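Spelled out, the chains give:
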Amino acid sequence: IAADLKIRHAVSVAVERYDASLPGEGRRLALTFAGRPVSAVVAFHGIMGDRDDFAAMLQVNCASIAELFEAVADQSIQAGGKPVLAAVSSVAGDSGRQSNYPYGASKAALLTHLASSTILEYSGKGSTASHVTGMGCHHRAAIRQSCNCR
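Scope of this entry: the structure provided in the associated data block. Remember, predicted model here, so these are calculated numbers, not experimental data.

### With respect to the side chain of S106
Tracing the sequence through the fold places S106 in helix 4 (residues 101–122). Taking relative accessible area as the criterion, S106 reaches 0% and is therefore assigned buried. Looking at S106, its side chain comes within polar contact range of the main-chain oxygen of Y103, at 2.7 Å. Residues contacting S106, with those up to four places away along its chain left out, are F54, M57, L58, N61 and C62.

### Digging into the layout of surface pockets
Put simply, the largest pocket is a space of about 1,100 Å³. Around the largest pocket, the lining is made up of 30 residues, and of these V13, A14, A40, V41 and V42 lie nearest the centre. For the lining of the largest pocket, the leading source of residues is strand 1 (residues 40–44), giving five residues. In terms of residue class, the lining of the largest pocket is built from 23 nonpolar, four polar and three charged.

### Comments concerning the environment of A55
Relative to the helices and strands, A55 resides in helix 3 (residues 54–78). By relative accessible area, A55 is classed as exposed at 61%.

### Describing the nonpolar core
Grouped together as the largest cluster of nonpolar side chains are 23 residues, with contacts concentrated most on V41 and F69. Among the secondary structure elements, those contributing two or more residues to this core are helix 2 (25–31), strand 1, helix 3, strand 2 (84–88) and helix 4. Looking at which element gives the most residues to this core, the answer is helix 3, with eight residues. Those residues in contact with F69 that lie beyond four places of it in its chain are V41, A43, L85, A86, A87 and L114.

### Examining the environment of F44
Relative to the helices and strands, F44 resides in strand 1. Measuring from C-alpha to C-alpha, the distance between F44 and I65 comes to 9.2 Å, with 21 residues separating the pair along the chain.

### With respect to the pattern of salt bridges
Should the charged atoms of two oppositely charged side chains come close, the side chains can pair. Evaluated as defined, the whole model comprises four salt bridges. Residue R8 is joined to D4 by a salt bridge in which the shortest nitrogen-to-oxygen separation is 2.6 Å. Taken together, the residues span about one helical turn, with R8 and D4 both in helix 1 (residues 2–9) at a distance of four residues. A residue is classified by how much of its surface remains accessible, and R8, at 63% relative accessible area, is exposed. Take D4: its relative accessible area is 35%, and that puts it in the partly exposed class. A salt bridge links E121 to K125; the nearest nitrogen and oxygen atoms lie 2.9 Å apart. Under the relative-accessibility criterion, E121 is labelled partly exposed at 41%. The class for K125 is partly exposed, based on a relative accessible area of 39%.

Rules used in this analysis
Residues numbered from 1 in each chain as written. Predicted model: local features only at pLDDT ≥ 70, side-chain atom pairs only at ≥ 80, totals over all residues. Heavy atoms only, no water. Helix = DSSP H or I, 4+ residues; strand = E, 2+ residues; numbered from the N terminus. Buried < 20%, exposed > 50% of the residue type's maximum accessible area, 1.4 Å probe, protein only. Polar contact = N/O pair within 3.5 Å; in protein donor to acceptor, adjacent residues only side chain to side chain. Contact = heavy atoms within 4.5 Å. 1 Å grid on protein atoms, 1.4 Å probe; cavity = no way out; pocket = protein on both sides within 12 Å on 5 of 7 lines; lining within 4 Å. Points joined across faces, edges and corners; volume = space filled by probe spheres on them. Nonpolar A, V, L, I, M, F, W, Y, C, P; charged D, E, K, R; others polar. Core = buried A, V, L, I, M, F, W, Y, C linked by side-chain atoms within 4.5 Å. Salt bridge = Lys/Arg side-chain N within 4 Å of Asp/Glu carboxyl O.

That's the geometry; what it means functionally is another story.
Okay, structure coming up:
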């Protein structure tokens, strides 16, 4: 994906890794970009488990992404950037199944956080956020319309 972005859009791309299971790692990663505007952050991660793993799934599938997006957006906006924040997720957040309801709940929590917190916080500052699933990027338009964001 990084190579494709570089070729198609002639942009600089950095692929960074962090341990999403550890609270605070998103803020630590954001510090590596301090003072520089970031144009986009795309989060591709998640874990699936059973109901005994719900706290871990909530951390990795929702809290870590929220923390990363907020930390990078805050720093980037201070440096003059208007970052696009995109979480590549799962259709399980839209329509969970009985067999993996804790996983679906953790993905739904991410969508809810993006819709009710991240977009409302950053849309007036020129940043956008979206939740992308195998069904496409339909959430961004619906979320932006529902909160009258630009």
